[in-house]
Every structure is written in C-alpha cells, then in structure tokens.
Amino acid sequence: GFFGNWGGVYLPEILRETFDRLEEAYQQARNDPSFWQEYLQLMSTYSCRPTPLTYAENLSKHFGGAQIYIKREDLNHTGAHKANNVMGQGLLVKRMGKKRVIAETGAGQHGVATATMAAKFGLECTIYMGEVDVQRQRPNVFWMEKMGATVVPVKDGSRTLKDAINEAFRDWVSNIDDTHYVLGTACGPAPFPEMVSWFQSIIGTEAREQIERYHGRPPKRVYACVGGGSNAMGIFQGFLEDKKIELVGVEAGGDGLETGRHAARLAGGDASPGVAQGYKTMFLQNDDGQMRETHSVAAGLDYVGVSPILSHLWEEGRVRFEAATDTEVLAALELTMKKEGIIPALESAHAFAQAFKEASDLSPEDAIVINMSGRGDKDIFTVAHAFNDPSWKEFIIERAREYQKG
Amino acid sequence: GFFGNWGGVYLPEILRETFDRLEEAYQQARNDPSFWQEYLQLMSTYSCRPTPLTYAENLSKHFGGAQIYIKREDLNHTGAHKANNVMGQGLLVKRMGKKRVIAETGAGQHGVATATMAAKFGLECTIYMGEVDVQRQRPNVFWMEKMGATVVPVKDGSRTLKDAINEAFRDWVSNIDDTHYVLGTACGPAPFPEMVSWFQSIIGTEAREQIERYHGRPPKRVYACVGGGSNAMGIFQGFLEDKKIELVGVEAGGDGLETGRHAARLAGGDASPGVAQGYKTMFLQNDDGQMRETHSVAAGLDYVGVSPILSHLWEEGRVRFEAATDTEVLAALELTMKKEGIIPALESAHAFAQAFKEASDLSPEDAIVINMSGRGDKDIFTVAHAFNDPSWKEFIIERAREYQKG
Amino acid sequence: MTLEKILREKKKDKDILLMTHIVLGYPSFAANREVIEQMVKNGVDCIEMQIPFSEPMADGPVILKANQESLARGTRVAQCFDFAREMTRKHQIPFLFMTYYNIVFKYGEERFFQDAKEAGIKGLIVPDLPPEMGEDYFAYAEQYQLAPIIIYAPTSTPERMKTLAGSATGFIYCAARRGVTGNNSALDENFDNYLSNCRAATTLPLAVGFGIKSKADVQALIGKADMAVIGSQTIRLVDENGPKAVGPFVASLR
Amino acid sequence: MTLEKILREKKKDKDILLMTHIVLGYPSFAANREVIEQMVKNGVDCIEMQIPFSEPMADGPVILKANQESLARGTRVAQCFDFAREMTRKHQIPFLFMTYYNIVFKYGEERFFQDAKEAGIKGLIVPDLPPEMGEDYFAYAEQYQLAPIIIYAPTSTPERMKTLAGSATGFIYCAARRGVTGNNSALDENFDNYLSNCRAATTLPLAVGFGIKSKADVQALIGKADMAVIGSQTIRLVDENGPKAVGPFVASLR
C-alpha cells in the first residue's frame, strides 16, 4: 500500500477486516482478465468509451506552438472522468456481493456518478454531503434523489466535504458487512489510490493510442488538473514509462500561491508530509498538523490532500507540478469556449490554463495532450457566478420572483 | 424537393438564388464520398461517435417484455443529436466559403449547438431567440455568448420560436451572400429536410449495426420522439428498408389530445395539410390556415409543423405515430433515472414513455430500440420546475436573495 | 378590364402610379375603411389588401405586428372577402389581395379564386409561392382572370426574370432591395441596372416596392417604373397619427 | 511505574477501574482543569486527554464538535503539553494522550515521545495507527517507556488480536461495538464472546469503551473487563450542566 514514502492504511482497527476483504476482491479482479473485459464492455456501452481525442486546431494556431490535443472525458456518461472509477467500483461491489454503496461528495459530481452507478446496478445508495454544499449544489442533489439515492446533509463541523467524508466513514464502520464506500478519487487508504488509478488508467491507455495514431508519435507533454488526482493518474499512466514525455499536474492556485488562499499541495511550498483520512501524503496543514482551509474556484480541486501516488511521482521528479490561479483559469475557460466550442469544467480548465502558458515554447512539430476531465456546462451556477454575469443574476432573481408568487 | 405530397420550396424570390446554391453544394457533398468521410472523422474526434447503444437491463426486466436498448445521442458533444446536423452543415458552410452562420432557437439547444460549431469553424454567429425564451433560458444564452455568438432577443410578435424563425429568415434575405442559415431540424424548404436527415442518418446507421451485433438480429420496433423530426429521421433511416421493423414516432401529447393543448401533428386528428415556413406538411392550424398555439412540457417538441418526409412516411403507413402526455413523460423520465441512472431530455422521454406502454406486449426474444435524442440534466430549470420540486424553488429563492444583497 | 389594362389606362394621365398597402383588420376594419377612403380620394391608383397570416415570413416588423394584432383581434378570412366586396363596389380603383400561400391553400385554391373574383379583386400577391410550386394556382389565375403578381428580386438573374415573366400578368412587383418590407432602400446605380434588367425581361408594367416613404423616393422612380408601392409607411402613419393622416401623406407623394 | 503496573495496583482495591476522556481546550483549558479535578476527586483511575485534530475520523458528533471548537478557539499542541505537565504534577493518577497520528507525526515522533514522557504522560492512544503502519512509533514507545495503547474491535479475529497484543503495553482498549464514539452499545451475548476473545488474546488489562453512560453499563463489565471508559458522556454533561456536574456523575458510576 505504499508508493515510496506515501500511502498506507492508517485506519481504526474496526475497518481493518473490511479493507482486507476489499484488497482481496481488488487483487482478484486485477488478476482476472475477464474483469477488465467486463469493465471495457460496460464503459463502451453505458458510457462513451473510448472517449475522443480532439485536435484543437484553433487553439494550436492561436498559440503558434505545440499542436494541442484534448482528451474528452467530458463526453463520459454523467459528464466527467468520475464515471470510470464509479462504474469500476460498481463491478467490484457486485463481485463482493454487497447491496449498498455510500459516498461522500463536495460539489456533487461524484455523488451524481455514484447515484447513477447505484441505479444501474440496483444498489441502495446513500450520499453524504455537507449541509452547506447541499444548499449550494441543489441541482446535483435533485438528480441524485431522482436516481433513487438518499442524500444526507451533514450538519457537523464545517458542513462541507471534509465532514461528509467523516460521516461516510462513520456510516461505513457501522455497516461494514453490506456496504461499500465508493471513494471518489485516488486518495485515502490502500487499496483506494491504486484501485481508483487502475480504473482511471483507461484514459491514458486510450489517449496514448490516439495521440500516436493522430500525431504519428508520442506527445511532448501531458497536462492534467490535480485535485485528489484521479484524472491525472488516469491519463499519466498511459505515458509514465516513456521518460521523454513530460507529465504536468496542475493544482488550484486560487487567489495566488503567495496569498495562502489556494489548494496547491505539490506546486509551491505550503504543504508538508502528513497522515490523515487514512493515508500519508503531502497535506496543506499548519505546524501542529491541523488541516488548513483551502480555496479554489473549482470545488473539485479544493482539497487538503493529494493522491499518494502523485506525491511519489513528485518526489521522484517524474511529474512536474504547477498551479493556475482562479483568474488564469477563467481566462483559459473563456478562450477554449470561444476558440473550440468546448466547455471544460472549472477543474479541467486548470490543465488548459497551464498548457496555454507553455504551448508557445514548443515547436509545431510537437504535440501536447490536455486531459479535459469534465464538462463545465453542468456547473452553470458556479461558472456564471464566477464570471459575475449580470444577466444570470437577473434571471435567477426573476425566477425566484415567480416561485415566491406561486 | 417533394416527398409524396409534402415538402417543396415555398419561398420569396429573394431567397431563390441562395437555395439554388445551397442545393448545389448539398448535392456535390452528397456525391463526394470524401465529404462523408470528413464528416465521420469530425464526429468521431470532436463529438463521441459512434454513440453507444445501451442495454437497459433493469427496464427490460421491469416490463418483462422486449429487451430494451437505448441509442445514446445524449453522449454527443453539446448533449444531443443536434450536433450531428450542425457539424454537417458547418462542413458545408466551409465548402460554400461563407463566413457567417445564423440560427433560430427556442429552448436554446440548437442555438448552443450552432454557436459551438461556429466557434469550432471560426465563423461569425448570430442566434435569434424570442425575448421570452431569452429570459426563460438564460443558461443557454450564457453559453452561446461565451462561445462568441451574438444572441439577438426577438421582440416582435409572441417573442418565441416562431418569431425567431421569422427574424432569422429576415436576416438571411438581407445577408444572403456571406451567410448560411443553419436550420435546426428536418423541416423547412428543400434541401433542408433531406439534408438534415442525411446528417442525422449517422444515428440509424450506427444503431442498426449495433443492435444486430448485440441482439443478433434486427429489433421489432424503433421509437423516437418527433418535434421537427430530425432525430426520428436519423434513427429511422437505419431501419426503413426492412418493412418488418415497426417505426414509431412519438409526438407531444401535452395535456392530452382531447384537450387541444398538445403538439401532435400526425398522431390524432387535429392537424391538416398546409404550407408555411417554406414547406408543405401537416400543420396544427385553424380553418383559416392560421397556425395554432401548441403545448408541450418539452420545448423541442412544441412546434406547429413536422418534417415533410415524416408526413410522407405517415401517409404511406411506414411510420406509426403516437402521442405521450406530459404526465406520462415525467413518469417515464423518473422511471428511467431510477432504473438505469440515465436522464433523458424531456423530448427524448416521449419516446421512452411510448416504448414503456408497449414493451410488455412483446416477447423477451424481441428487442426494441429507443432513440435518446438528448440528455435532460442540461434542462435542470425545466425539469425541476416540471417536477415542482420544493427544494429547487427554495434554492433559487436563496440564490436570488444573495444576488439581491450583492 | 384586366389589371394590366386598367393600370395602363391610368398611366396615360400620370408620370407614375401609386399603390398602397393595408393589413386587413388592423387596427380594425373600420379604420381600414377610413384609410382606403383617404387613399382613394388622394389619388392612389391601386390598393393591396393583406389578408393577415400568422407566419408572415417576408414581412418586416411593422407589417408583422399588424398581421399578428389583426389576428389577435379575431380577423377571419371570410371577413376579408366581405370587406373586399364592399371596397370594390365603393371605390373605382383596382384592389388586390396580398397574403401568404397557406391562406389560399387552406381556403381551397379554386374557391379562393372564385370568391376573390366574385368580390371584385383584380389580382393576388403571394410572396411565398414561386411559379414552380404553384401549377394549379397559376392555372386558376388564368381561368378566373385574376392577375397572379410575380415578384422580382435584385438577386434574380435575367434568365430567371424571363422565366418568371412567363407566369406573370397584371404587373411585375420589383422588390427594390434585399431584405424584408419596411426598411430603407438605396435607389442607386445598382438599382438602375436592376430595373433595366426587369424592364428587359417583361413588357408588363413595373411596380417598385420595399422602402418607399417620400415624394423624393417616388420622383426617383419616374421614367424607370410604372408604379411606386408604399407599404409599411402608411401603417406607421395610422399607428402614430390615425387614419386621417393618410390622405395628406398620399397627396404629398406626387 | 509502568501504566500496566499502576492499573494493576489500583485494581486490587476495586471491582472495576474508570477511565474518562476530555478534549483539551474544550470548552477551555480552565474548564478542563476543573473537570479533571472533579474526576480525580470522585475516583477516576485514569484520564485520556485528547489533543484535538481537524480530521477526527473515528469520533462521533459530540467529540468531533469538541475537537473543532477547541481548534477554532486556537488550541495548539504545545499548550496541550503544558497542560499535561501541570495535570500530571497535580494529580496522582495516570494520564494518557489520545490523538490522531498526524499530530504525533507532524510534531516529530521521537520528540513527541520525549516531550510526553517529560510531561509525565503514561501512554498514548492513536486510533488511526495500526502497528503495521507504526514501526518507529512502537520502537519509540518502548524506548521511552510510554504505553502505546492498542485497540481491539468486534471485527478483529482471534489471530488478529494475538498479533496486535504483540505490540501492546499498558492495557488493551476494547471498542465495545461497531461504529464511532458516542453511540449506544448493546452489551449482549455477542459482546461477551467478543470479550472472551479479547481476554484469550492478551494478559494485559482490558478497558472497554464506546457507549458507556451509566452505573448499569459499568456494573455489567465487572468481572469481564478491568476498566470502563466513559467518553462522550462527560462532554455532553459539561456542555449541558457545566464542569460541576462531572463529579456527581462519576461518583454515581461505581
């Protein structure tokens, strides 16, 4: 369960048995070629895999440097790479014979993906979500409920993601026999980081084959945003062994690294090694080891820890980490919409922002791949708000007026 | 330009030249195999084609009749089959050397798709949208603008779709040289019905191959919702020649055919032959030939006319037409979300509703295909409103309160 | 007397003829009555009465709005025929129906021609029906001796104009520019070329419409066309100043 | 004297020992001081002092809230050491630190053990550090002679208990049921089986925690366990009735 100095299973004894069984099921699945076949089949019929690799002709010309290719995880069912992990774990749940899944969710995407999987596999589903997030992310709560999930607003603590995770663990330790906790990213105690990365490796495998087919050879660089790190691990795995390909993880620079209001763990110097939520990695914490508040315009990157596998690749120098600020991200999002008719999620737009900073340093002979982890149109409330769109505000106020009348 | 008694080019003289040139470009493209290759290439790299055919195991079991398969046009870029048509016309615009596109839009999906295409192809773009719709569909307006389109709120007449169409034609007759009007469905004057159907035939070609691969033989029935008729034409074309396959077009039953508040042209007896918006088809009109108000929970089906090709297939008896009421549609939507984790657009849910009524009449040996023309999650405002969700209303009111403070 | 003949007779005494336009039932039939009275008294030579349609695709905002408001007030096609009957009996100038094809189609083409003839109408302007789409229509026009007015556009090639002329009687309606009714036209050199092409393609009288608003506009057409068409402008006038304003305006044009 | 020895000495005079729990800095160090005073006066045998952590994954809502409010009021780890030093000098019962591994890790493991030893702490409870993950930690525990308290769970197999016992000193903390701190436990037959398994796996004293709230709960453990642990209940009491309520409550338990 360790990757260099990182990872592990730092868990209360009560969960040990459950993790042993999960580890066992995961290893069996991993050693059973028919499992991956079943997974591929599911993803190509229920979701839209392989997802396309889109040549961004206009952006490439605009920057006059590298040829820019975009891996389109936004075209997955439910609109993001989250589906890969969730459907994979769904198959594992079936194998383990469990009848119920639980998950935590912040902005709600992982919750929607899990509720979707639960509907598809006929599982009971409970989603823990901080009360504050429930209020902020009504649309996602609406869809989760419509897909049959029970959404539990967590009223403890800061009533956000961290507390939802705590509450999900609490549910799990009380219901270990029939319940599986569908962790949403390549973090947490082993085997989650490795297992989630395995399911997400489908991105990299496809992207590697696609870029070589379209471009004739491997790319110079691959960019991915890093929150927990699952989409980055997903695409990087297709290129990890070829040391000539530079891998760039882009974290949330928030208001700027110098302000302290950000979520950059591996870029910048604010994070330090720590152990929390069951695993060892680089955390944004104070000198006492208390986790800090993080900030990002993108809820999915707004997290204190990071995949232990990425901490390892960072320490080894295999992956370069950078940060993009909220302002840079909104500019990159706007440019991508205008030039390509593509709407990256705010999370994904971090990868775009960094790639845009660097594209013109490369030659038109070179290609780069940006992982578009999800689509932004589902985040209309966040994006329109981030752009401070006055017509949007009027629209909401007008709608509210109608509802207040009714 | 005629299909049996239907179709034609009923247009002012000023547009004749433009249509002659469009017809010419269309025929050239159609006779040039490299055009379709380019189209397939574009759709497989920019959108996600072929889109999957999903086996709906839980729904099939639930009804205990036919095996239900769902053609997943929701997984297209921009979330609906609209992309097929729009990208195809984009290629044609490039061939014709025009620099600007215009389109009408009601709920906004076709506008978003057109703005997307224009961004991708570097075209100027103006979208005409009734002022009432601009106010109702702010999210789509927001995305169109962000993709660089100019959205013109049409303040004439009823300030809805019909008026947007009129205004788009007015723009076109004033700017015929550099502008192409991207009509959104298989209606309007020739060559639009045939051309749009041609681009949409990609759905049927894929679906035919997929159902035979998965099910081992052709389906018994194919269901598609019918507004203008482009998604239906798209999928039906894959099955048209095999007379043993029953094709079912599902129109908007609104409050019920008997109430008059619906948009059923070919199901029910309220429509009659007419000529408007440049073509002859079955219209919902009064005895004087004035178009009637139509009603549907699904904006995309809320239209007075219908593809002349479908009127022909209806007259020939090749396609059976049915109507699903708003209530039936919401129930079908809810069931599909709960059973399969899939969120059909309200339009598409009409096809689901009809298929559900009939699934148990067939044997488990039989398969049916439902065309899911688009995804419903982009229509959160409409769907949450349609379900009359109290938490949604509170959420909107709370949001408005924040904006009013600011 | 055929429409062409009537117009040619009138033209003998005048540099240029005037055709005006009203939307039936807008703002009301009573107002229509008054406006027509004013027009006839002030020397209008020919009036096109538009039977409103819910989808007037070739009309600009002013006429569009008039169509929709007329319908909203309940105007029916049968009333339009009644009103036409009344006007043709009362006034000794030719009246035309202008409408869209669906109104004719839905009414029944032959019945429409019969009833229009019976109501004393001299011709029909249906902008969305090119001759290719209207075989029956043009046959009935001939049978019932109503002029099916053909429209030329600046984009029409000389060949196209010749072809169209083959279906035309009465006069040719030359749209002065691209676009829809109610906007401004530039009566410039291109326009002169266009009119020469029109002239070369047909021996019928030429009417020029779209955007004519003033005496200067009308004057500029003398010698180039036989008839000037005033469309949206009188509707604007009635909207703003009432039916009584129409007389002085029309009188001022020539 | 080692923790085990102290507890065995105390046990000689009592049917069962009592361990209580406080969250340092909640509601304040002053309140902690008063609560501990009350506890010691009323016969508590051992006190675990929780150094608050921002992510207390194994704690239920009551202790979670106490952790977060303590931190919100600015509690630092150094203050916890100072407070521990004060308490161990003042009161003649063993004090333990309870916290999560990150607090130890971030402080520096060896330094943490050194400073805890120096502050008079007898043992550490770190629920998220299984022996497999804590090689250095358990080595320092031995080096500095602080008891690294091991936790058994109802899901632990007899083999697992044996293995865990190999790393344990002081006593074994037997979690009475599945779930987190602060909820009810059913002290039923399954529970008796569980405790027999615990007893069979180790010769160390057994402490039983999670959900013990009343004299009846404590009585039920006599003969089966050596020490009853009262956790969330005293926090609830202080929240509701203030520090003074703790003494009578503790006195009532035995």
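Per UniProt, chain C is named Tryptophan synthase alpha chain, and its organism is Desulfotalea psychrophila. Recorded in UniProt under Pathway, the annotation for chain C is "Amino-acid biosynthesis; L-tryptophan biosynthesis; L-tryptophan from chorismate: step 5/5."

(A) Structural view of the pairing of strand E8 (residues 227–230) of chain C. Residue and element names in this part refer to chain C. Taking every second residue as pointing to the same face, both faces of E8 are buried, with Met-227 and Val-229 on one and Ala-228 and Ile-230 on the other. Pairing geometry for strand E1 (residues 17–23) and E8, over four bridges, is parallel. Across the sheet, Met-19 pairs through a bridge with Val-229, a residue of E8. Across two bridges, strand E7 (residues 206–209) lies against E8 in parallel orientation. Bridge pairing in E8 links Ala-207 to Met-227. Running through helix H10 (residues 215–221), the crossover from E7 to the neighbouring parallel element E8 is right-handed.

(B) Just the sheet that holds strand E9 (residues 221–225) of chain A, in detail. All names here are of chain A. One open sheet holds the six strands; their spatial order is E3-E4-E14-E9-E10-E13, and the pairing between them is mixed. The open sheet has two edge strands with one neighbour each: strand E3 (53–55) and strand E13 (319–325). Within this sheet the neighbouring strands show an average axis-to-axis angle of 25°, counted without direction. Summarising the sheet, strand E4 (residues 67–72) and strand E14 (residues 367–372) pair through six bridges and their orientation is parallel.

(C) Looking closely at the pattern of salt bridges. Counted according to the given criterion, the structure contains 105 salt bridges over all chains. Between Arg261(A) and Asp255(A) there is a salt bridge, with the nearest N and O atoms lying 2.6 Å from each other. For Arg261(A), a relative accessible area of 44% translates into the label partly exposed. Its salt-bridge partner being Glu131(B), residue Lys155(B) comes within 4.0 Å of it at the nearest N-O pair. Pair noted here: Lys155(B) is in the loop between strand E7 (150–154) and helix H8 (161–174) and Glu131(B) is in helix H6 (residues 131–136), with a separation of 24 residues, a long-range link. Shared partners join several salt bridges into a network, and the residues in it are Glu13(A), Arg16(A), Asp20(A), Glu132(D) and Arg160(D).

(D) Expanded view of the interface of chain C and chain B. In this complex, chain C contributes 40 residues to the contact, which on the side of chain B involves 37 residues. Across the interface of chain C and chain B, roughly 3,100 Å² is buried in total on both sides, 54% from carbon and sulfur atoms. Connecting chain C to chain B are three salt bridges. Arg16(B) is paired through a salt bridge with Glu132(C); the nearest N and O atoms lie 3.5 Å apart. Where chain C packs against chain B, one counts 14 residue pairs in polar contact (both at pLDDT 80 or more). For the side of chain C that touches chain B, the secondary-structure elements that each account for two or more residues are helix H3 (61–72), helix H5 (101–107), strand E5 (147–152) and helix H8 (158–165) of chain C. Element by element, the count of residues in the side of chain C that touches chain B is highest for H5(C), at five residues. The class makeup of the residues in the side of chain C that touches chain B is 22 nonpolar, nine polar and nine charged.

(E) Seen up close, unusual backbone geometry. With omega at -5°, the peptide bond leading from Arg49(A) into Pro50(A) counts as cis. Here Tyr26(C) and Pro27(C) are connected by a cis peptide whose omega angle stands at -10°. Relative to the assigned elements, Pro27(C) resides in the loop between E1 and helix H2 (29–41). A positive phi angle, close to 55°, is found at Asn388(A), a residue other than glycine. Assignment of secondary structure puts Asn388(A) in the loop between helix H14 (380–386) and helix H15 (390–405).

(F) Spotlight on the interface of chain A and chain B. Listed per partner, the contact involves 59 residues of chain A and 59 residues of chain B. Looking only at chain A, the three residues that lose the most surface to chain B are Trp143(A), Lys146(A) and Tyr403(A), adding up to 14% of its buried area. Counting across the chain A and chain B interface gives four salt bridges. Linking Asp377(B) and Arg375(A) is a salt bridge whose minimum nitrogen-to-oxygen distance equals 3.2 Å. At the junction of chain A and chain B, the tally comes to 27 residue pairs in polar contact (both at pLDDT 80 or more). Elements with a contribution of two residues or more to the side of chain A that touches chain B: helix H2 (33–45), E3, helix H5 (109–121), helix H6 (131–136), helix H7 (138–146), helix H12 (326–340), H14 and H15 of chain A. The element best represented in the side of chain A that touches chain B is H15(A), accounting for 11 residues. Considered class by class, the residues forming the side of chain A that touches chain B number 26 nonpolar, 15 polar and 18 charged.

(G) Just the packing of aromatic side chains, in detail. Inspection of the entire model under this criterion finds 76 aromatic pairs over all chains. Measuring from ring centre to ring centre gives 5.4 Å for Tyr39(B) and Phe199(B), while their planes differ by 50°; the resulting arrangement is tilted. Taken together, the residues span a long stretch of sequence, with Tyr39(B) in helix H2 (residues 33–45) and Phe199(B) in helix H9 (residues 192–215) at a distance of 160 residues. You'll find Tyr39(B) and Phe199(B) in the same group, each marked buried. Considering the side-chain rings of Phe142(B) and Trp143(B), the 5.1 Å spacing of their centres and the 75° angle between planes classify their relative orientation as edge-to-face. Residue classification places Trp143(B) among the buried positions, given a relative accessible area of 4%. Each residue in the set Tyr26(A), Phe35(A), Trp36(A), Tyr39(A), Trp198(A) and Phe199(A) is aromatic and connected to the rest through ring pairs, giving one cluster.

(H) Inspection of the UniProt feature "active site" in chain C at higher detail. All names here are of chain C. Under the present numbering, the feature "active site" in UniProt falls on Glu-48 and Asp-59. The topology assignment puts Glu-48 in strand E2 (residues 46–50). A relative accessible area of 4% places Glu-48 in the buried class. Look past the residues within four positions of Glu-48 in its chain and what remains in contact with it is Met-19, Thr-20, His-21, Ile-22, Leu-96, Met-98, Ile-125, Tyr-173 and Val-229.

(I) Focus on the sheet that holds strand E6 (residues 124–130) of chain B. Residue and element names in this part refer to chain B. Spatially, four strands are ordered E7-E6-E5-E8 in an open sheet, and the strand pairing comes out parallel. Of all the strands in the sheet, the pair left with one neighbour each is E7 and strand E8 (179–181). Sheet twist, expressed as the mean angle between neighbouring strand axes with direction ignored, is 25°. Across three bridges, the pairing between strand E5 (residues 100–105) and E8 is parallel. Note on E8: the bridge partner recorded for Arg-100 is Thr-179. Where helix H5 (residues 109–121) meets the sheet, its contacts fall on E5 and E6, and the angle it forms with E5 comes to roughly 165°.

Conventions used here
Residues numbered from 1 in each chain as written. Chains lettered and ligands numbered in written order. Predicted model: local features only at pLDDT ≥ 70, side-chain atom pairs only at ≥ 80, totals over all residues. Heavy atoms only, no water. UniProt positions renumbered as here; feature names shortened; annotations may be inferred. Buried < 20%, exposed > 50% of the residue type's maximum accessible area, 1.4 Å probe, protein only. Helix = DSSP H or I, 4+ residues; strand = E, 2+ residues; numbered from the N terminus. Pairing = 2+ DSSP bridges. Right-handed = clockwise from strand over helix to strand, strands pointing away. Axes fitted to C-alpha atoms, helices over the stretch in contact; angles between N-to-C directions. Salt bridge = Lys/Arg side-chain N within 4 Å of Asp/Glu carboxyl O. Contact = heavy atoms within 4.5 Å. Buried area = accessible area lost by both parts, 1.4 Å probe. Polar contact = N/O pair within 3.5 Å; in protein donor to acceptor, adjacent residues only side chain to side chain. Nonpolar A, V, L, I, M, F, W, Y, C, P; charged D, E, K, R; others polar. Phe/Tyr/Trp six-rings, centres within 6.5 Å; stacked < 30°, edge-to-face > 60°.

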